[in-house]
Amino acid sequence: MEQIPQDPYMLMSFINMKLRDEFPSLDELCATLGISKQWLIDRLAMIGMEYSKENNRFW
């Protein structure tokens, strides 16, 4: 498993890259990487980001 960045800004960049290049949904990304979807949403909400299912990215 890849190391997940802990810094929220680096995490956002990492997750958006994975969503763009490898995963068609947030659910698949979280299942494959073994991370909690709610943890990820909460962590990125700390910096004002929210997930757009329509765009498959955080912004």
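Residues numbered from 1 in each chain as written. Predicted model: local features only at pLDDT ≥ 70, side-chain atom pairs only at ≥ 80, totals over all residues. Heavy atoms only, no water.

**Student:** Tell me about the overall build of the protein chain, residues and numbers included.
**Tutor:** Along the protein chain, the regular secondary structure elements total three helices and two strands. When the helices and strands of the protein chain are listed from N to C terminus, the series reads α-α-α-β-β. Over its C-alpha atoms the protein chain spans a radius of gyration of 10 Å, differing by no more than 12% from the 10 Å that the globule rule assigns to 59 residues. Projected onto its principal axes, the C-alpha positions of the protein chain cover 25 × 25 × 20 Å. When each of the 59 residues of the protein chain is scored for burial, the buried share is 36%. Summed over its atoms, the accessible surface of the protein chain is roughly 3900 Å², and 51% of this surface lies on carbon and sulfur atoms. Seen as two clouds, the 6 positive and the 9 negative side-chain charges of the protein chain have centres 1 Å apart. (Helix = DSSP H or I, 4+ residues; strand = E, 2+ residues; numbered from the N terminus. Rg over C-alpha atoms; globule rule 2.2 N^0.38 Å. Buried < 20%, exposed > 50% of the residue type's maximum accessible area, 1.4 Å probe, protein only. Areas by Shrake-Rupley, 256 points an atom, 1.4 Å probe, with all protein chains shown as cover. Lys, Arg positive; Asp, Glu negative; His and termini not counted. Charge placed at Lys NZ, Arg CZ, Asp CG, Glu CD.)

**Student:** Please give an account of the environment of Arg43 that cites residues and values.
**Tutor:** Looking at the element boundaries, Arg43 is found in helix α3 (residues 37–45). Considering only alpha carbons, one finds Arg43 and Arg20, 23 residues apart in sequence, at a separation of 19 Å. Not counting residues within four places of it along the chain, the set of residues in contact with Arg43 comprises Gln6, Asp7, Pro8 and Leu11. (Contact = heavy atoms within 4.5 Å.)

**Student:** Summarise the pattern of salt bridges; cite the residues concerned and give the values.
**Tutor:** A full pass over the atoms with the stated rule returns three salt bridges. A salt bridge links Lys18 to Glu22, with the shortest nitrogen-to-oxygen separation between them at 3.0 Å. Linking Arg20 and Asp21 is a salt bridge whose minimum nitrogen-to-oxygen distance equals 2.8 Å. With a relative accessible area of 48%, Asp21 lands in the partly exposed category. (Salt bridge = Lys/Arg side-chain N within 4 Å of Asp/Glu carboxyl O.)

By themselves, these figures tell us nothing about what the structure is for.
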